[in-house]
Amino acid sequence: MKENTLAPIALFARNFVRHPRMLGSFIPSSRFLIRTVLSQIDFRRARLIVEYGPGVGTFTRPMLARMRPDSKLIALETNPDFVQFLRTHIDDPRLQVIAGSAADVETELATKALGRADFVISGIPFTTLKPHDRTAVVNATHAILQPDGAFLVYQFSPLVLDSLRGVFSKVQRGFQPLNMPPAQLFYCSP
């Protein structure tokens, strides 16, 4: 592996050791998981995409590579190490990295006058959130989505399913075994 490839992996692993409940896995997502989740995004029409918990940009970079030149990607991250890493290692004017919680997405988008999101992607480990916080994130996400938008969630546990079904009118499930650990997928429509 090249040195520039090892840096984000080392940062991710270090943060997993320090904050295991903040990260869902000890290694970044596999290319198989990335491909499966991103296949649900219509990049031709997506003007605003929101990402919760971008970590070291494992999904961020492939999204930027597929996005339209006039679209925006808002990445909300609570880990200051990851915020700093993303801000210094991804130079793309379409990306705005915000040091903040997914529960505050409504305020963040309103402050920036961005309107509603076409797609929201999340890998934050819902199993480690308190039920109140999990509900707050799911409700806030529903509130900021376009009527034809989608909330794309990848997890290592099905625990979030009831919270999603309680808010979204349609929740489809998927599975990606070629990831460590294998991932549960949830595709939610308002």
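Located above this text is the structure these notes cover.
Rules behind the numbers
Residues numbered from 1 in each chain as written. Predicted model: local features only at pLDDT ≥ 70, side-chain atom pairs only at ≥ 80, totals over all residues. Heavy atoms only, no water. Pairing = 2+ DSSP bridges. Helix = DSSP H or I, 4+ residues; strand = E, 2+ residues; numbered from the N terminus. Axes fitted to C-alpha atoms, helices over the stretch in contact; angles between N-to-C directions. Contact = heavy atoms within 4.5 Å.

Bringing the sheet that holds strand β1 (residues 48–52) into the picture now. Spatial strand order, β3-β2-β1-β4-β5-β7-β6: seven strands in an open sheet with mixed pairing. Taken across any chain shown, the strands that pair with only one partner, and hence form the sheet edges, are β3 (95–99) and β6 (170–176). Taking the axes of each pair of neighbouring strands and ignoring which way they run, one obtains an average angle of 15 degrees across the sheet. Relative to strand β7 (residues 183–189), β6 runs antiparallel, the two sharing seven bridges. Along β7, the bridge assignment pairs Gln-176 with Ala-183. Together, β4 (117–122), β5 (145–155), β6 and β7 form the strand contacts of helix α2 (residues 31–38), whose direction differs from that of β7 by roughly 15 degrees. Packing against the sheet, helix α4 (residues 80–89) makes contact with β2 (72–77) and β3, and its axis sits at approximately 160 degrees to β3.

Along the chain, Thr-141 turns up in helix α6 (residues 131–144). In contact with Thr-141, other than residues within four places in its own chain, are Tyr-52, Val-105, Val-120, Phe-151 and Phe-168.

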